[in-house]
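Listed here are the chains, written in short residue letters.
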Amino acid sequence: MKKLLSGIVALVIALSLAPSAFADAEDDRAMAREQAIETIELYEFSTYYEQLEGEGAGNWFALVDYLTEAFLNDSELYKKLNGIWKDSVDRYSALREPAVFDAAYSTYRVDQPGVLFDFEADVLTIWGTEDNSPARAEGIVGGSVILEWNGEKATGDYETDYYALSRSYYENDLTLNLKLELPDKTIKDYTVKGATYDADTASAVCDVSSDGKTGYIRVSNGFNEDTHEKFAKAWKSAEDAGVKSVIIDLRNNGGGYNKTLDAMLDTVLPARVPTYSAVSKNELSLSYANGTSTFSPDIVILTNNETASAAEIFTTVLKSYKMARSVGTTTLGKGVGQSNKTLSNGKVLSITAFPVADPQGFTYNLKGVTPDVEVIDDPTTETDEVLDFAYGYVDHAGVKVTEPESFRYTFYLPDDRFSLPTSALAFAKRTADESGKAVILTFVSSDGTKMTVDVKKAYDAALPIYLFGIDKENSDKIKDELVESGKIPETSIVLKTADPKLFDDRFFERGDFGFPATITTTSEFEPGYFYYYKNGEYEEFSPAHVYENGKLRFNLGRGGTIVITKEAL
Amino acid sequence: MKKVISCLLAMVLMLSVSFGVSAEGMTKEEAKAKARELIELYSYSSEYEIFDEYGRGNWFALEDFLTNQIYNNNFVYEDWYDIWKKSVDDYSYVNSTVTNIASYATEKKGMFGLAANLENGSLVVQAVSNGSPAMKAGIVVGSVILSYGDVTVPETAAAEDLTAFQNYFAGVDTAPITVKLPTGEALTATITRADFVEDEVMEDITIVGDTAYMIIPSFNLNSDEYFARGYKKAEEAGVKSIIFDLRTNTGGYVMPCYNMLNTIIPEKLPMYYDKYARSIATSTSDGLGSKTWRPDIVCLTTGNTASAAESFAGTLQYHGYARIVGEKTYGKSVLQDMLSLSDGNVLVLTTAEGFLPNGKSWQGKGLTPDYVIKDDLTTHTDEVLDFAYNYVDGKGTEVEEPGYYSYIYYLKEDSEPEFLDTFAAIKQLKLAKPTRITYVSKNGMKMIVDADDAYGAANLYNYFGIYSDQSSSAEKILKEKGLPEKARVIMTATEGDYGFAPTVSFKMADKPTHFYYYDSVKNSYTEFEPPYVYEDGVLRFNIETGGIIIASPEEIK
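Please read all numbers here as calculations on a predicted model, not as lab measurements.

Colleague: What is the right way to read the overall build of chain B from this model?
Modeller: Scanning chain B from N- to C-terminus turns up 14 helices and 33 strands. Within chain B, buried positions represent 47% of all 557 residues. Counted over contacts in chain B with a minimum sequence separation of 6, partners at least 24 positions apart contribute 70%.

Colleague: Help me out: how do you make sense of the overall build of chain A in this one?
Modeller: When helices and strands are tallied, chain A shows 14 helices and 32 strands. For chain A, with 569 residues in total, the buried portion stands at 46%. A sequence separation of at least 24 residues applies to 71% of the contacts in chain A between residues at least 6 apart.

Colleague: What's the story with helix α9 (residues 254–264) of chain B in this structure? I'm lost.
Modeller: Note that an α-helix has 3.6 residues per turn; residues three or four places apart therefore point the same way. Judged by how many residues are buried, α9 of chain B sits mostly within the fold: ten of eleven residues are covered. Residues of α9 of chain B that are buried: V254, M255, P256, C257, Y258, N259, M260, L261, N262 and I264 of chain B.

Colleague: Just to check I follow, could you spell out helix α12 (residues 421–429) of chain B for this structure?
Modeller: Most of α12 of chain B is tucked away, with eight of its nine residues classed as buried. Along α12 of chain B, the residues that are buried comprise D421, T422, F423, A424, A425, I426, K427 and L429 of chain B. Contacts from the buried residues of α12 of chain B go to β22 (419–421) and α11 (422–435) of chain A together with β15 (280–284), β22 (416–419), β23 (435–440) and α13 (451–456) of chain B. A positive phi of about 50 degrees marks K430 of chain B, the residue just after α12 of chain B.

Colleague: For this particular structure, what's the right way to read unusual backbone geometry?
Modeller: Among all residues except glycine, the phi angle is most often negative; among peptide bonds, the trans geometry is most common. The backbone phi angle of S309 of chain A is positive, close to 60 degrees, even though this residue is not glycine. C-beta crowding within 10 Å serves as the criterion here: with 28 such atoms nearby, S309 of chain A is assigned to the buried category.

Colleague: Help me understand the packing of helix α8 (residues 223–237) of chain B against α9 of chain B, please; the structure alone is not making it clear to me.
Modeller: The packing of two helices is summarised by the inter-axis angle and the distance between the axes. All names here are of chain B. Here α8 crosses α9 at 20 degrees, and the two axes come no closer than 8 Å. By the criterion of interaxial angle, the relationship of α8 to α9 is roughly parallel. Like other packed secondary-structure pairs, α8 and α9 cross with a definite hand, here right-handed. Taking contact as the criterion, the partners of S223, D224, F227, A228 and Y231 in α8 are, on α9, P256, N259, M260 and T263. The residue inventory of the contact of α8 with α9, partitioned by class, reads five nonpolar, three polar and one charged.

Colleague: How should I be thinking about the environment of K365 of chain B in this particular structure?
Modeller: All names here are of chain B. Relative to the helices and strands, K365 is located in the loop between β19 (345–355) and β20 (371–372). For K365, a count of 15 C-beta atoms within 10 Å translates into the label partly exposed. Residues K365 and A474 lie 109 residues apart in sequence; the distance between their C-alpha atoms is 37 Å.

Colleague: Looking at this structure, how should I read the pairing of strand β12 (residues 214–218) of chain A?
Modeller: The side chains of a regular strand alternate between both faces of the sheet. Residue and element names in this part refer to chain A. Within β12, five of the five residues are buried, which leaves the element mostly enclosed by the surrounding structure. Both faces of β12 are covered, namely the face carrying T214, Y216 and R218 and the face carrying G215 and I217. The sheet contact formed by strand β11 (residues 207–208) and β12 spans two bridges and is antiparallel. Residue pairing in the sheet places V208 in a bridge with G215 of β12. In textbook terms, the turn of a hairpin is the stretch between consecutive antiparallel strands, and for β11 and β12 this stretch comprises five residues, one of which, G212, has a positive phi near 75 degrees. Note on the crossover from β12 through helix α7 (residues 227–241) to strand β13 (residues 245–249): the handedness is right-handed.

Colleague: Teacher, can you tell me more about the domain arrangement of chain A here?
Modeller: For interface size, the figure often reported is the accessible area lost on association. For chain A, the domain assignment lists domain 1 (58–87), domain 2 (111–196), domain 3 (202–393) and domain 4 (406–565). Placing a centre on the C-alpha atoms of domain 2 of chain A and another on those of domain 4 of chain A gives a separation of 59 Å.

Colleague: Would you mind going over the sheet that holds strand β7 (residues 152–153) of chain A with me for this structure?
Modeller: To summarise the sheet geometry, strands pair through backbone hydrogen bonds and adopt either a parallel or an antiparallel arrangement. All names here are of chain A. With respect to topology, four strands assemble into an open sheet ordered β7-β6-β8-β9, the strand pairing being antiparallel. For this open sheet the edge positions go to β7 and β9 (187–193), each flanked by a neighbour on one side alone. With four bridges connecting them, strand β6 (residues 145–149) and strand β8 (residues 175–181) associate as antiparallel partners. From the neighbouring strand, E148 faces β8, where its bridge partner is K179.

Colleague: Quick question: what am I supposed to make of the pairing of strand β21 (residues 405–410) of chain B here?
Modeller: All names here are of chain B. Side chains Y405, Y407 and Y409 of β21 all project onto a buried face; the interleaved residues S406, I408 and Y410 project onto a face where none is buried. Pairing of β21 with β23, which is carried by six bridges, proceeds in the parallel orientation. Looking at the pairing, Y409 lines up with Y439 of β23.

Colleague: Explain the sheet that holds strand β11 (residues 211–215) of chain B to me, please; I cannot follow it from the model alone.
Modeller: Residues and elements named next belong to chain B. A sheet is described by the order of its strands in space; here six strands give the open sequence β10-β11-β12-β16-β17-β20, paired in mixed fashion. In the strand order of this sheet, the two ends are held by β10 (206–208) and β20, each with one partner. Both β11 and strand β12 (residues 241–245) contribute to a ladder of five bridges, which runs parallel. Of the residues in β12, the one forming a bridge with T211 is S241.

Colleague: Is there a simple way to think about the domain arrangement of chain B in this case?
Modeller: Each assigned domain of chain B is listed here: domain 1 (57–87), domain 2 (113–192), domain 3 (223–239 + 251–379) and domain 4 (405–552). Distance between the C-alpha centres of domain 1 of chain B and domain 4 of chain B: 45 Å.

Colleague: What am I meant to see in the nonpolar core here?
Modeller: Soluble globular proteins: nonpolar side chains tend toward being buried together. Counting residues in each nonpolar core, the largest one holds 233 residues, and the members touching the most others are F314 of chain A together with C299 and L300 of chain B. Among the elements that make up this core, the one with the highest residue count is α9 of chain B (seven residues). Non-local contacts of C299 of chain B, meaning those with residues more than four positions away in its chain, are made with F244, L246, A313, L316, A322 and I324 of chain B.

Colleague: Is there a simple way to think about the confidence of the model for chain A in this case?
Modeller: The predicted coordinates of low-pLDDT regions are not to be read in fine detail. Residues and elements named next belong to chain A. Mean pLDDT over chain A: 83, with 86% of residues reaching 70 or higher. This model gives residues 1–26 a pLDDT under 50, and the stretch forms 80 contacts once residues within four places in sequence are excluded. Note on residues 53–57: pLDDT is under 50 here. Beyond four places in sequence and across chains, it has 19 contacts.

Colleague: Would you take a moment to explain the confidence of the model for chain B for this structure?
Modeller: Residue and element names in this part refer to chain B. Of all residues in chain B, 91% have pLDDT values of 70 or greater, and the mean over the chain is 86. Predicted confidence is poor over residues 1–23, with pLDDT under 50, and the contacts of this stretch with residues over four places away or in other chains come to 53 contacts. Of the two predicted TM-score estimates for the complex, the pTM is 0.81 and the ipTM is 0.74.

Colleague: Even after reading the chapter, I still don't get the packing of helix α8 (residues 258–268) of chain A against helix α9 (residues 310–320) of chain A, so can you show me in this structure?
Modeller: Residues and elements named next belong to chain A. Relative to each other, α8 and α9 sit at 25 degrees, their axes nearing to 10 Å. When the interaxial angle is binned, α8 and α9 end up roughly parallel. The two elements α8 and α9 cross, and the hand of that crossing is right-handed. Residue-level inspection shows N258, L261, M264, L265 and V268 of α8 in contact with α9, the latter providing A310, I313, F314, V317 and L318. A breakdown of the residues in the contact of α8 with α9 according to their chemical character gives nine nonpolar, one polar and no charged.

Colleague: Teacher, can you tell me more about the environment of Y467 of chain B here?
Modeller: All names here are of chain B. Positionally, Y467 belongs in strand β26 (residues 466–467). The exposure class assigned to Y467 is buried, which follows from the 22 C-beta atoms found within 10 Å. With 46 residues separating them along the chain, Y467 and T513 place their C-alpha atoms 23 Å apart. If near-sequence neighbours (up to four positions away) are discounted, Y467 is found in contact with D414, S415, M491 and A493.

What counts, and where the lines are drawn
- Residues numbered from 1 in each chain as written.
- Chains lettered and ligands numbered in written order.
- Predicted model: local features only at pLDDT ≥ 70, side-chain atom pairs only at ≥ 80, totals over all residues.
- Helix = DSSP H or I, 4+ residues; strand = E, 2+ residues; numbered from the N terminus.
- Buried ≥ 20, exposed ≤ 12 C-beta atoms within 10 Å, placed from the backbone.
- Contact = placed C-beta atoms within 7 Å.
- Axes fitted to C-alpha atoms, helices over the stretch in contact; angles between N-to-C directions.
- Parallel < 35°, antiparallel > 145°, perpendicular 65-115°, else oblique.
- Left-handed = near helix turned anticlockwise from the far one by under 90°.
- Nonpolar A, V, L, I, M, F, W, Y, C, P; charged D, E, K, R; others polar.
- Pairing = 2+ DSSP bridges.
- Right-handed = clockwise from strand over helix to strand, strands pointing away.
- Domains from an automatic or database assignment.
- Core = buried A, V, L, I, M, F, W, Y, C linked by C-beta atoms within 7 Å.
- pLDDT = per-residue confidence, 0-100.

The following block contains the structure:
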């Protein structure tokens with residue numbers, strides 16, 4: 001058959017029934033939740049299928065018209081909808097004006113005072129100052145509370161004062177006349193005039209210790225547009241100086257661009273190795289380093305709870321290859337990345353799009369990267385206890401990392417299902433093509449059952465949608481039913497391959513992968529018989545399999561529900 | 001002491017413009033801009049549902065939020081649902097699973113086989129299923145319902161009368177009904193729910209002389225099997241012509257329609273394609289139809305012939321296998337997918353539009369019959385069928401098979417992204433011939449892509465087509481800078497490496513001798529030597545990478 005998609009093309013005459021499950025006054029929470037989910041699904045499906053035009057089509061075009069009318073007649077509606085959108089995104093997602101966004105990851109400050117605010121404080125408080133900034137030059141110190149600016153008195157409300165100060169700065173020709181209460185409670189006046197400067201010159205410099213054995217590079221200003229170039233310079237000078245150990249200070253580094261991160265990993269890693277993976281609905285990004293570094297010092301990374309995002313990935317990757325140890329405090333735990341989308345009005349939506357994991361599938365999201373040795377900086381002292389500790393902690397013995405035969409990436413399935421559109425698979429295939437390595441993906445269900453596939457083979461099979469992983473929930477359900485009705489013995493193993501609810505079952509029931517996927521699961525018995533189960537019928541098959549130490553591994557040519565038993569059914 | 005994630009992020013968070021702007025006193029333009037912005041926000045948010053168990057993706061948070069809103073009745077379900085409903089077309093709706101599956105089953109269980117709608121203040125019968133109790137009682141399409149049960153339909157019926165009618169029949173197993181037939185006669189009957197097989201009518205062909213007559217009632221799940229048996233009967237009888245009656249056929253499933261066309265068409269040809277938001281699904285015939293028995297085919301249509309039925313008749317007409325007799329068809333080429341919601345309801349959503357291989361669709365237009373004739377409902381004779389019996393000529397058609405399957409797609413924008421799924425689907429079909437898709441931009445410039453090449457390049461997606469406006473403005477600017485007057489400039493979407501060589505084609509007055517890629521940053525021209533053909537004022541050549549491309553009849557220094 002030469003037709004893939006089994007849509008329905010019918011003129012529906014007066015048959016459509018509007019759903020009547022509206023919430024009434026005493027609706028219970030479960031009902032509300034059900035309706036919420038339905039609403040979300042409707043939107044989701046509709047947005048997935050936008051773009052039809054002309055008469056009788058075009059979901060989103062019609063929605064524009066409808067909403068436009070609705071806003072004109074009901075000014076509250078926009079606020080409501082907008083409120084729902086805002087509350088629906090996580091704290092890292094935001095809508096920004098283009099100019100603000102562009103400036104976000106550059107270290108070149110234009111007309112800035114260089115004052116950093118402690119946004120977790122209750123009153124407007126200075127957290128610190130940027131390197132090379134006018135505020136630093138004036139000697140302003142962190143922990144100072146702002147009492148007055150340009151003659152205006154602080155109200156005590158952080159947000160109000162913040163905006164008032166910002167406005168005043170621009171209105172007064174880029175000048176701030178500040179009255180500060182210093183950490184030692186003395187009151188002092190400062191004048192800061194905005195200037196243009198590079199806030200990150202530190203990451204280009206390697207400080208070599210007096211014994212010549214240890215280098216120190218501070219990368220504290222994020223992974224900005226050119227941080228990798230600066231870092232490469234510092235790394236080169238460390239190598240030239242012949243140091244045996246390098247301390248990389250990532251404290252307060254809030255992350256930045258992934259291309260910067262990749263380039264920095266390329267600089268440090270000595271071989272072509274997988275580094276991290278990022279998965280979204282339509283994208284499967286498998287990163288690897290093109291490392292050619294011949295310089296393998298012992299690396300100690302300094303982290304604190306402001307070390308975030310790209311800085312955490314950098315740390316976790318080097319730690320996973322045992323090339324680095326970390327010292328300090330646990331990192332922030334921002335293991336999700338954002339994609340930037342430009343809206344048609346020019347604003348930039350930065351939206352949380354993918355969780356990041358290392359090649360073993362470990363994600364530090366919300367957990368953070370724990371240091372090998374926890375060292376806490378004492379804020380009351382002038383000395384940097386963490387750095388001092390690191391100087392004593394380095395052992396001057398670098399680790400050699402060898403290039404693997406194939407690139408392997410593991411994914412833990414959070415809800416026992418996984419689907420990848422072809423375009424996502426193409427990302428993975430490109431990694432295989434570019435690196436010249438086989439790329440092997442393993443999907444692990446919540447019970448530890450694994451499905452392993454070779455990307456190249458999967459791609460060549462050219463199924464428009466691939467389903468990977470075992471649907472744990474439904475496997476258990478089917479097993480219970482079959483055991484209860486006496487069809488299969490209690491000890492049997494039932495595995496149902498993943499099945500995304502978005503798509504039509506009929507389309508996938510054929511289930512032909514077109515390539516062998518490997519399943520690994522635990523089994524209490526030596527398997528005797530393998531069956532595909534469907535609608536009460538069992539079709540026997542004899543896959544290549546290995547059983548040892550209670551682990552069963554076998555190959556699967558197509559998806560479906562698999563029943564494994566000791567005795568014949 | 002150290003409390004900031006990073007200065008920049010902190011600053012950005014603080015500076016990020018709160019866009020909960022008051023919506024009061026908006027102009028229509030402003031309201032439209034806000035509407036668009038919101039839609040884009042939702043659309044992008046849903047694109048990135050993340051399934052991290054800790055990260056709590058966007059939609060998980062939305063779920064909580066909406067639950068609270070609905071629970072507290074701040075923003076009720078109806079408000080939101082209403083907006084959704086208005087955002088979809090007439091063919092999209094939410095329904096319970098049972099109703100949906102039942103309506104397109106070949107075997108109808110316990111049904112009256114009758115559907116009515118409100119038309120000019122009357123309840124008018126829209127459909128009568130073949131073999132149904134309603135048909136057996138003598139009710140025909142176009143009949144006006146006068147009374148049922150103990151209800152008399154008012155002179156001027158309203159929507160609630162239709163609902164009452166539907167509710168009444170949903171709740172009874174047997175009922176008396178009185179209708180006024182189109183012929184003007186009144187008919188009173190008692191109809192009782194029954195099981196019947198709608199598609200059996202297809203096996204029940206009528207043969208008059210050298211002509212077979214077959215009613216195709218709908219495209220139900222198993223219609224193709226019944227059709228194949230009926231069609232086989234006609235072949236065995238050795239008729240020279242066949243009349244397919246699609247006048248009451250309002251469509252159904254794609255698969256049986258496809259299979260039926262495949263049973264008929266003797267050559268391997270492109271049949272039609274369905275354009276989805278992110279892909280094109282092509283259909284070709286397998287060449288399964290008889291090459292030795294080629295009947296002349298006539299399809300009968302009316303304004304009720306819709307959707308899959310139009311696809312069926314339109315494809316046969318397009319390739320010259322059939323002629324259409326009757327009235328202009330309904331005009332629905334959009335198709336719906338059924339998606340299961342987690343609450344068990346089924347969402348039927350318009351997801352694609354069907355096109356003939358030449359890029360034409362019948363959406364909103366209908367198919368134009370080769371001979372237009374209208375049945376006079378007030379008479380007992382079937383004028384259209386009578387005409388068709390005389391119209392058939394017994395001359396079957398043979399179509400020359402092309403070397404490749406070609407589909408033309410007129411871009412709605414200057415260029416559109418083509419996600420890999422199109423090419424993956426084509427590759428998986430393992431077709432006998434290569435497939436080419438021609439993307440036609442607004443100004444008529446074309447980009448022709450070989451599906452196999454595009455798939456092999458493993459690009460995630462590419463934009464295909466040529467920017468019309470930007471090409472002409474680039475041409476204007478470059479000519480001001482000294483580009484030869486006779487050179488042509490085209491700007492393809494997505495600068496960069498395609499990984500394969502799409503063909504571009506456009507009109508050009510002079511034969512080109514030199515080709516260049518133009519680098520707008522360095523303001524420099526890089527010459528390349530593509531294979532090209534220039535004939536009849538049309539230039540065709542291959543490009544390997546996108547960008548600003550110049551074809552010039554003289555060298556650029």
